[in-house]
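A closer look at the structure
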Amino acid sequence: MIDLRALRTDPDRLRASQRARGEDDAVVEKLLDLDERRRSALSAFESQRAEQKSVGKSVSRAQGDERQTLLDRAKELAQQVKEAEAEAQRLDQELQTLVATVPNVVEDGAPAGGEDDFVVLETVGTPRAFDFEPKDHLELGESLGAIDMERGAKVSGSRFFYLTGVGAQLQLALLNLAMDQAIQNGFTPMIPPVLVKPEAMEGTGFLGAHASEVYHLPQDELYLVGTSEVPLAGYHMNEILGDLPRRYVAWSSCFRREAGSYGKDTRGIIRVHQFDKVEMFSYCDPENAHEEHLRLLEWEKEMLAKVELPYRVIDVAGGDLGTSAARKYDCEAWVPTQNRYRELTSTSNCTDFQARRLSIRFRDEGARTRPVATLNGTLATTRWIVAILENHQQADGSVRVPQALQRFLGREVLEPVAK
RNA sequence: GGUGGAGUCGCCUAGUGGCCGAGGGCGCACGCCUCGAAAGCGUGUGAUGGGGCAACCUAUCCGUGGGUUCAAAUCCCACCUCCACCGCCA
């Protein structure tokens, strides 16, 4: 949720943001108008209510005829107050509904435009030159006995899979490495619930434009999370925090319907309905949010270096940001058989957008409460297995295990197995 | 799933229709006292929206949402959460 007071003082900022996202800036006029009407309706209600209260008090003290006169007046006022309150509530509701559709204000410096208008900030490492024909991750995964798509489909349908044998071990090792790194860096480890109430889903901004991506269990009115960002943001819902920053790292399964991605990445485990992820999450003073964002990016790069992958960092354009994000950096690893970079991590600065909706505050120097900033960033996911297998494969069909992973995996090479 | 009990300011608690514009205690902050501290004494002590440059004013908030009433923490209805016990399952 955007800040209405900030909107009143600087409406041009939201207009510019809407344009950077390629969205309608006429909403700004509507918001200002509704807000104006809401405030005057509220004032009207308040003064009538104040009078009603004082007349009500005098009823209890009055006697005889005077009491009857006051009672009549009080009844009359009660009716008026009821109407005034309803009107103020109606306008407030209307405003809230409209505000809920407005995405976060884009950070200065973020590229304008859509999906293809990202800016490459940095390229780290070089794609490897193969002296043999590289296999794709699924072919490797099958010959290593690591990935079983067919049985995944048999049991659960398309875009489901089993990680088997060394595949399961590889994921455990990868996610443990990620958890370990974050804990070393001072994060508090968490294993959160993956089913959440509507407030948590709504508050993090996932029930807006992307609601069709989310699994919903209507019998219990719960949602399956697409990322642990949701339970991590919900963790401090309706709280006033003392010390900032607070950094959490969570391991969770993630669930995505992948509606509207029919035919995209249908092979292997690049785009699936269920995967595991280690996610960093930070609550901090909005003044420090940009620096914190860069820190999260550094920690992602630290992790990518450990698995020895070539990658690039992109600054995602306004139109491709999620509802809650003001700025987003993705790290994309090189995938040899696709001859292109694919997203492995994504870190978003949500400024105070989620916190305002979830009512997560802190006390600033003036001891006033203000919404905190929330930020999130990926540290490892199931998809990383794709890049690890493909980039570290060897001519004989085996896969070299990056050194940092060896300690967690207990082996240096993954060997093909007989069927 | 069933039965019973409970949810009031950071914490504990008082409060069964107008004296609640929520009292007390703890904690916290400031002050007095003290060489310094403790104890003691005094003062203050929430959130959210609106108005105002400001001090301040105002409305709302007693788990949540409705309702009754001129007037609700208090009465009524529904729901949520927690605790205890029972049943079922792991």
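Overview of the packing of helix H7 (residues 166-184) against helix H10 (residues 289-306)
Remark: H7 packs on H10, axes separated minimally by 11 Å, with the N-to-C direction vectors making an angle of 140°. One way to sum up the angle between H7 and H10 is to call them oblique. Pair H7 / H10 crosses with right-handed handedness. Here H7 contributes Leu174, Leu177, Ala178 and Gln181 to the contact with H10, which in turn contributes Trp299, Glu302, Met303 and Lys306. Of the residues belonging to the contact of H7 with H10, the class tally is five nonpolar, one polar and two charged.

A closer look at H7
Counted at 1.5 Å a residue, the expected span for H7 with its 19 residues is 27 Å, and the 26 Å between its end C-alpha atoms agrees. Turning to H7, its buried residues are Val166, Gly167, Leu170, Gln171, Ala173, Leu174, Leu175, Leu177, Ala178, Met179, Gln181 and Ala182. Of the residues one or two after H7, Gly186 is the one with positive phi, at around 95°.

A word on the environment of Glu229
For Glu229, the location among the structural elements is in helix H9 (residues 229-234). The spatial distance from the C-alpha of Glu229 to the C-alpha of Val249 is 9.6 Å, given a sequence separation of 20 residues. What Glu229 contacts, discounting residues up to four positions off in sequence, is Thr204, Phe206, Glu279, Phe281, Cys350, Gln354 and Asn376. Only 2.8 Å separates the side chain of Glu229 from the side chain of Gln354, close enough to count as a polar contact.

So, the protein's contact with RNA strand B
Not every one of the 25 residues close to RNA strand B is listed here, only the nearest: Arg8, Arg39, Glu46, Arg49 and Thr369. A breakdown of the atoms of RNA strand B within 4 Å of the protein gives sugar and phosphate a share of 72%. In this structure, a phosphate oxygen belonging to RNA strand B sits 2.4 Å away from a side-chain N or O atom of Arg39. The contact in question runs from a phosphate oxygen of RNA strand B to an N or O atom on the side chain of Arg49, over 2.4 Å. Those elements that provide at least two residues to the surface near RNA strand B are helix H1 (4-9), helix H3 (27-61), helix H4 (64-99) and strand E14 (360-363). Considering each element in turn, the surface near RNA strand B owes the most residues, 14 residues, to H3.

Thoughts on the layout of surface pockets
In this structure, the second largest pocket occupies an estimated 620 Å³ of space. For the second largest pocket, the lining is made up of 22 residues, of which Asp3, Leu4, Arg5, Arg356 and Pro371 are closest to its centre. Among the secondary structure elements, those contributing two or more residues to the lining of the second largest pocket are H1, H3, H4, helix H11 (353-358) and strand E15 (369-371). Taken together, the residues that form the lining of the second largest pocket break down as seven nonpolar, three polar and 12 charged. Here the lining of the second largest pocket gathers at least three residues from each of two domains, domain 1 (4-99) and domain 2 (115-414).

Concerning the packing of aromatic side chains
Taken as a whole, this structure holds six aromatic pairs when the rule is applied. On the basis of an interplanar angle of 90° and a centroid distance of 6.0 Å, the ring pair of Tyr248 and Tyr283 is categorised as edge-to-face. Linking Tyr248 in strand E9 (residues 246-255) with Tyr283 in strand E10 (residues 274-284), this pair joins segments that are 35 residues apart in sequence. Taken individually, Tyr248 and Tyr283 each receive the classification buried, so the pair is uniform in this respect.

A short note on the sheet that holds strand E8 (residues 239-241)
Where strands meet in a sheet, backbone hydrogen bonds hold them as pairs that are either parallel or antiparallel. Pairing in this open sheet of three strands is mixed, and the strands run E8-E14-E15 from one edge to the other. The sheet terminates laterally at E8 and E15, the two strands that pair on one side only. The average undirected angle you get between the axes of adjacent strands in this sheet is 40°. Looking at chain direction, E14 and E15 are connected through three bridges and run antiparallel.

A short note on unusual backbone geometry
Going from Leu244 to Pro245, the amide bond is cis rather than trans, its omega being -5°. With respect to the element layout, Pro245 can be found in the loop between E8 and E9. Of note, the phi angle at Asn339 is positive, near 55°, even though the residue is not glycine. In this structure, Ser359 is a non-glycine residue whose phi angle is positive, near 55°.

Some thoughts on the state of the cysteines
Using the criterion set out here, one finds zero disulfides in the structure. There is no disulfide at Cys331, and the cysteine sulfur nearest it, in Cys350, is 16 Å away.

Some remarks on the domain arrangement of chain A
Splitting chain A by domain gives domain 1 (4-99) and domain 2 (115-414). Here domain 1 and domain 2 have C-alpha centroids that lie 43 Å from each other.

Structural notes on the packing of H7 against helix H12 (residues 384-391)
The geometry of H7 relative to H12 is characterised by a closest axis approach of 11 Å and an angle of 110° between their N-to-C directions. Relative to H12, the element H7 is oriented roughly perpendicular. Considering the relative orientation of H7 and H12, their crossing is right-handed. Each of Gly167, Leu170, Gln171 and Leu174 in H7 lies in contact with H12, whose residues at this interface are Trp384, Ile385, Ile388 and Leu389.

Observations concerning the pattern of salt bridges
Taken as a whole, this structure holds 32 salt bridges when the rule is applied. Notably, a salt bridge pairs Glu36 with Arg39, separated by 3.4 Å at the nearest N-O pair. Placement of the pair is Glu36 and Arg39 together in helix H3, with a separation of three residues, close to one helical turn. With relative accessibility at 47%, the residue Glu36 sits in the partly exposed group. You can call Arg39 partly exposed: its relative accessible area is 33%. Asp352 serves as the salt-bridge partner of Arg356, at 2.8 Å between the closest nitrogen and oxygen. Using a relative accessible area of 18% as the deciding quantity, one classes Arg356 as buried. Each of Arg8, Asp35, Glu36, Arg38, Arg39 and Asp92 takes part in a single network of salt bridges with overlapping partners.

Definitions and cut-offs
- Residues numbered from 1 in each chain as written.
- Chains lettered and ligands numbered in written order.
- Predicted model: local features only at pLDDT ≥ 70, side-chain atom pairs only at ≥ 80, totals over all residues.
- Heavy atoms only, no water.
- Axes fitted to C-alpha atoms, helices over the stretch in contact; angles between N-to-C directions.
- Helix = DSSP H or I, 4+ residues; strand = E, 2+ residues; numbered from the N terminus.
- Parallel < 35°, antiparallel > 145°, perpendicular 65-115°, else oblique.
- Left-handed = near helix turned anticlockwise from the far one by under 90°.
- Contact = heavy atoms within 4.5 Å.
- Nonpolar A, V, L, I, M, F, W, Y, C, P; charged D, E, K, R; others polar.
- Expected span 1.5 Å × (residues − 1).
- Buried < 20%, exposed > 50% of the residue type's maximum accessible area, 1.4 Å probe, protein only.
- Polar contact = N/O pair within 3.5 Å; in protein donor to acceptor, adjacent residues only side chain to side chain.
- Near = heavy atom within 4 Å.
- 1 Å grid on protein atoms, 1.4 Å probe; cavity = no way out; pocket = protein on both sides within 12 Å on 5 of 7 lines; lining within 4 Å.
- Points joined across faces, edges and corners; volume = space filled by probe spheres on them.
- Domains from an automatic or database assignment.
- Phe/Tyr/Trp six-rings, centres within 6.5 Å; stacked < 30°, edge-to-face > 60°.
- Pairing = 2+ DSSP bridges.
- Disulfide = S-S within 2.5 Å.
- Salt bridge = Lys/Arg side-chain N within 4 Å of Asp/Glu carboxyl O.

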